[in-house]
Amino acid sequence: MREIFTGLPWWVKWIAVPVIALVVFGGLIASVVGFVIGLLFKVLVFVALVGGLVYVVRKFTSSSSSRSDW
């Protein structure tokens, strides 16, 4: 592989080959990045919902246990 790139100009190695790789694998890269971002978003929503649920349950259980009229 090194022998193939030895005789080529610098712009082929550093510009043309990465551009061709992005064109060929661009859809795959975009789908992987989209999947990771979507997964992170879902994890954040899950954490926020669980945190809200814990907050609401603790608030209601502490307020109901402190009332003496029940």
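Calculation rules
Starting from 1, residues in each chain are numbered consecutively following that chain's sequence as written. pLDDT decides what is reported in this predicted model: residues at 70 or higher carry local features, side-chain atom pairs at 80 or more are listed and counted, and totals for whole chains, interfaces and linings draw on all residues regardless. The side-chain numbers reported here are obtained from all heavy atoms of the structure, hydrogens and water having been left aside. Secondary structure follows DSSP: runs of H or I at least 4 residues long count as helices, runs of E at least 2 residues long count as strands, and numbering of each begins at the N terminus. Computation of the radius of gyration draws on C-alpha atoms alone. For the globule rule, the value is 2.2 Å times the number of residues to the power 0.38. Any residue under 20% of the maximum accessible area for its type is buried, any over 50% is exposed, and the rest in between are partly exposed; the area is computed with a 1.4 Å probe on protein chains only. Note that accessible areas follow from Shrake-Rupley with a 1.4 Å probe, and for residues the cover is restricted to the protein chains shown. UniProt positions are given in the numbering used here, feature names are shortened, and annotations may be inferred rather than shown by experiment.

- The name given to the chain in an unreviewed UniProt entry is DUF5326 family protein, with Streptomyces indiaensis as the source organism.

**Considerations on the overall build of the chain**
Then comes step 1: Each helix and strand counted, the chain has two helices and zero strands in total.
Then comes step 2: Since a compact globule built from 70 residues should have a radius of gyration of about 11 Å, the 28 Å found for the chain marks it as more spread out than a globular shape.
Then comes step 3: Buried residues in the chain amount to 1% of all 70 residues.
Then comes step 4: Total accessible area on the chain is roughly 6500 Å²; 78% of this is exposed by carbon and sulfur atoms.

**Here's the deal with the UniProt feature "transmembrane region" (unreviewed entry) in the chain**
Then comes step 1: UniProt records the feature "transmembrane region" (unreviewed entry) for residues 12-33 and 39-57 in the present numbering.
Then comes step 2: Within the segment residues 39-57, helix and strand shares are 100% and 0% respectively, and the terminal C-alpha atoms sit 27 Å apart.

**Points about the environment of I4**
Then comes step 1: Positionally, I4 belongs in helix α1 (residues 2-6).
Then comes step 2: Given the relative accessible area of 57%, I4 is considered exposed.
Then comes step 3: Considering only alpha carbons, one finds I4 and V43, 39 residues apart in sequence, at a separation of 45 Å.

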